[in-house]
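Here is how the chains run, residue by residue.
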Amino acid sequence: MKIAVYAVSYKGNWTLRLSVDIRVDMTWWMNQDEGQENVVERWVLLGDELPLSWGTKLCETFKELADMERWGKRQWWAYILAQLKSELAPEPFDGERILSRGVENICIWDGGQGWTSRTESRNEGRETNGGLRSIQKRSLVTGIDGLERECLTRQANELVNLLSGRQLLVPEAEALLAEAAPGLERTWRSAAQLAYLQGRLSFSAGLAPAPRTRWSAARTHGLRCNRCGSGIVHRTSCASCGRKACAYCETCLALGRSRECSLLLRGAAKPALPHTAGTAPARELDRWGLSPAQRAAAEAALRFLAAPHGEVRGRFRPEGGGLRALFRRDMVACRGSDAASSQGSNLAHSRQSSQKPGEDARYSADRQGHGTTVERFLLWAVTGAGKTEMMFPLLQYVLDHGGTALVATPRRDVVLELAPRLAIAFPDVSMVTLYGGSAERWQRGQLTLATTHQLLRYRQAFDLVVIDEIDAFPYHNDPMLAFAARAVCKPKGKFIYLSATPPHALQKEAARGLLPHAKVPVRFHRHPLPVPFRLGTASVQHWLQKGRLPASFIQRLRVSIQRGAQVFLFVTRISHIQGLVELLIKQLPDVTIAGTSSQDEERTAKVRLFRATEIRVLVTTTILERGVTVPRSDVYVLDADSSLFDEASLVQMAGRAGRSKDDPCGGVIFTSPQWTRGQKRAIRQIKRMNALARKKGYLKELKH
C-alpha cells in the first residue's frame, strides 16, 4: 500500500503525519471558520504515494531541526534520502521512481504566502508559485465542504466504534464494515483519516523494526510483525508498494498476509473497568454451588479482581528472554491509552479543541502507556477440579460491573464445549464465540469465547482475560499466541490463568510469593487424586520387536478389565499404535480394543464408542491427555520415561483416572525401563496436592 506523508508546523512545533486521504488533512489544517486564528505556519507534502513502511519510518524517526521552517524542496528531499538510506539500498534502480517523481513531488504551503515552491542556492533564495499547479493537478485543494464534513464526522464516529479494541488489516476492516456498516467499506479512508487526526485511530505498518532493548545491537535490528510479534519474515517483490524486497510475516500467514506495506488499523482502547476494594457478596458465590475448595479459590480470585490497580503483590520483575519470557513476568507491560477527542462536526474546530499544543495525534491511539501494567493471577486447580465452575463468579463480577471479559483456550473443541455452558450460565449477556471459520467473527459481545489464534485481531479490548490451559498445545511455548494474549487486555486490566500443570516458571513465582495465586488441590467429589504406580518393563519398541507383551503388564491390564474399567493406553508414537493393538487382541481376544491418533479420521467416533463402553481399551497418543472425561477409567502410560512425556503431560494423562464420583480411585500405571526425573516430579506434584487437600480438610473421611 502507498500512502501520503507530510510535515506540518503547528503552533511552533513540527511533526510528520501519514494520510490515506490528503483532502481531509488539508481541510483539517488549513480551513478555518470565520474569526478563527490560523495556527498552521507551514505545511509540506513530502509525497502522496510513498510505500507505507517508508512513510512510517519517516514519521517514527522524525526530529525537528534548526531552520526547518525555511527549508525548500531540495532540503526536504535531502532529508528524505538521508532518513530512507537503508530502505533505498535494496532498490538501487527504482528508489526515486518509488518516491514518486522525486524532488518535484514536494509541495510547500506557507501560512503567509500560500502555495510556494522554493529553490535554495548558497547565498540566496527565490520564491515561485509553480507548486500550486502541481497541487491542483492532483486535486489536492478540493477540500471538504460543510455538508460532507458532518457526514464524515458521523462516519468517523461509526468507524471508531467498530474498530475499538481491534487491530485489523485493510481487507479485514473492509470485511467488517461490509457486514456491520454496509457502504462504509467503500469510503472508509476519509473517515479513518479524520479519526487518525483526532487521535482515536492509529495507523501502523504490518511489519516494522522491532523495538530496541538495552541489549540489542543496531546491526541486528530486524523486522517484527505488529500483529503477532514474530520476527520470521520473507521478502518478495510487491505490486502494492512497487518495492523489490517487501517483507511479509510467515508466522501469522493463515490470518492474511501482513506486509511491510500493509496498513494495520488500530482502534483506541476504551476506559478500563474501575476497581474498588470491595468483593462479591457471599450470596453471589452461593449461586454457583461450589465445593469448599472451589469457593476458597474463587474468593481469592475475586479479591484480586476487586483490588485497585497497583495493590497486587510482585509489582515489578525485570523482563528478559523475549516473548518466551511472558510467563516469567509478574507484570505484563501493555501499550496504549484511553485517548479520545471531541467529535464536533467542523473539522477545523475539532483540530483546535482536541489537540494540545505540540501533541502528535499519530500517537494518541497508539501511545506507550508508561506505568500501565496488566496484573496476573494463577488459578492452579488439579485435573477434574471444576475450573469452569470457578470461572463463572469471576466472569459475573466483571460483567455485572459493566466490563468486558474474554475466555480464551488453545483448542477449538474446548471452545465448542464451553459455549453452551456459558450461554446457560449467563443467559442475559451478549456472547460471541470465535474460532477458525466462525460466523460470528465480526460480532461484538460483552463476553467473548475464543481460540487463542483469534486474539490476533484484538488489541486492548477486554477488562478481564481468562486464559485456560496455558500449558497446552498450541499455546505452550508459542510466542505468537503469548504476544496475542498480552495485547488484548486493556491497560490496567486483569489476567487470570487457569491450569492443572502450570509452567515451572509460574510455579516458582507462586512459590516465592511473586505471583498471586490460589490452589485447588482436590476434585469436586473430594477424594484424593490417584497416585501413579511405576511398573518396570522394557520399552514398547522392544515389545513390538519381540512380538510379546510383558506378563506383569498383562496381569495388571486384566485386573482393570475385570473391575469394569475403561482403559487408556498412552503411547509416545503414532507408529506404535497399530502393532500394539494387534498384540493386545492376541492376549485379550474377548475385549474390544482400538487405537486412535491425530491422524485418525474416525477419532471422534472411536472416543464416543469408548465413552459408551463399546470399546474397552483405547490405545492413543497425548491427543487425549486432556479434555476427555470417561467414568470408571484406568490409565496406563507406556514408555513414561520418554522425553516426549514431560511432567505436565504425565500429570494430565494420570488425571484421566478417578474423575467420577462413582469411581474416584481409578488406577494409574507408569511403565518404563528407567525411573526418570519427569516421573518422579509428576508423582511428587500429585502427592503434594493430596497432602494440601488433607491439610485444609477438603478430603472426605473414608468410612471403614
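Located above this text is the structure these notes cover.
Now for a quick tour of the structure.

What counts, and at which threshold
Residue positions are given per chain, counted from 1 along the sequence in the order it is written. Since the coordinates come from a predicted model, pLDDT governs what is reported: local features require at least 70, and pairs of side-chain atoms require 80 or more to be given and counted, while whole-chain, interface and lining totals use all residues. Just so you know, side-chain values use all the structure's heavy atoms and leave hydrogens and water out. Any carboxyl oxygen of Asp or Glu within 4 Å of a side-chain nitrogen of Lys or Arg constitutes a salt bridge here. When a residue's accessible area, from a 1.4 Å probe over protein chains only, is under 20% of the maximum for its type it is buried; when over 50% it is exposed; and in between it is partly exposed. The pairing criterion is simple: DSSP has to find at least two bridges between the two strands. Numbering of helices and strands runs from the N terminus; a helix is a DSSP stretch of H or I covering at least four residues, while a strand is a stretch of E covering at least two. Only the stretch in contact is used when fitting a helix axis, every axis being a line fitted to C-alpha atoms; angles between N-to-C directions are given from 0 to 180 degrees. Every residue pair with non-hydrogen atoms within 4.5 Å of one another is taken to be in contact. Working definition: a disulfide is two cysteine sulfur atoms within 2.5 Å of each other. In this scheme Phe, Tyr and Trp rings, the latter by its six-membered ring, pair at centre separations within 6.5 Å, and the angle between planes marks the pair as stacked below 30 degrees, edge-to-face above 60, and tilted otherwise. Lysine NZ or arginine CZ positioned within 6 Å of the ring centre and within 35 degrees of the ring normal marks a charge as sitting over the ring.

Glancing now at the pattern of salt bridges. Summed over all chains, the structure comprises 23 salt bridges. Here R70 makes a salt bridge to D67, at a shortest N to O gap of 3.9 Å. Residue classification places R70 among the exposed positions, given a relative accessible area of 53%. Take D67: its relative accessible area is 43%, and that puts it in the partly exposed class. Ionic pairing is found between R295 and D286, a salt bridge with its closest N-O pair at 2.8 Å. Given the relative accessible area of 22%, R295 is considered partly exposed. D286 gets classed as partly exposed once you look at its relative accessible area, which sits at 48%. Each of the salt bridges in this network shares a partner with another, and the network as a whole consists of R563, R632, D634 and D663.

On to the sheet that holds strand β26 (residues 633-638), then. Read from one edge of the open sheet, six strands run β22-β27-β26-β23-β25-β24, paired in parallel fashion. Either end of the sheet is taken by a strand with one partner, and the two such strands are β22 (533-536) and β24 (593-595). Strand-to-strand twist in this sheet, taken as the mean axis angle between neighbours without regard to direction, amounts to 20°. Packing of helix α18 (residues 551-562) onto the sheet brings it into contact with β22, β23 (566-570), β25 (617-620), β26 and β27 (668-672), and relative to β26 it is tilted by some 160°.

We now examine the state of the cysteines. All told, the structure shown has zero disulfides when counted by the stated rule. Free cysteine C238: the closest other cysteine sulfur is in C261, separated by 3.6 Å. Here C238 falls in the buried class, since its relative accessible area comes to 8%.

Let's shift gears to the packing of aromatic side chains. In total, this model carries 19 aromatic pairs according to the counting rule given. The interplanar angle of 25° and the centroid separation of 5.0 Å between the aromatic rings of Y6 and W43 together place this pair among those described as stacked. Note that Y6 is positioned in strand β1 (residues 2-10) and W43 in strand β3 (residues 40-51), a separation of 37 residues in sequence. Of the two residues, Y6 and W43, both sit in the buried class. Relative to Y79, the ring of F62 has its centre 6.2 Å away and its plane inclined at 80°; by these criteria the two rings are edge-to-face. Here F62 is found in the loop between α2 (52-61) and α3 (73-83), whereas its partner Y79 is found in helix α3, with 17 residues between them in sequence. Relative accessible area serves as the criterion here: at 7%, Y79 is assigned to the buried category. Through a chain of ring-to-ring contacts, three or more aromatic side chains come together here, namely W14, F62, W71, W76 and Y79. In this arrangement the basic side chain of R257 is found over the ring face of Y248, its NZ or CZ atom lying 4.1 Å from the centre.

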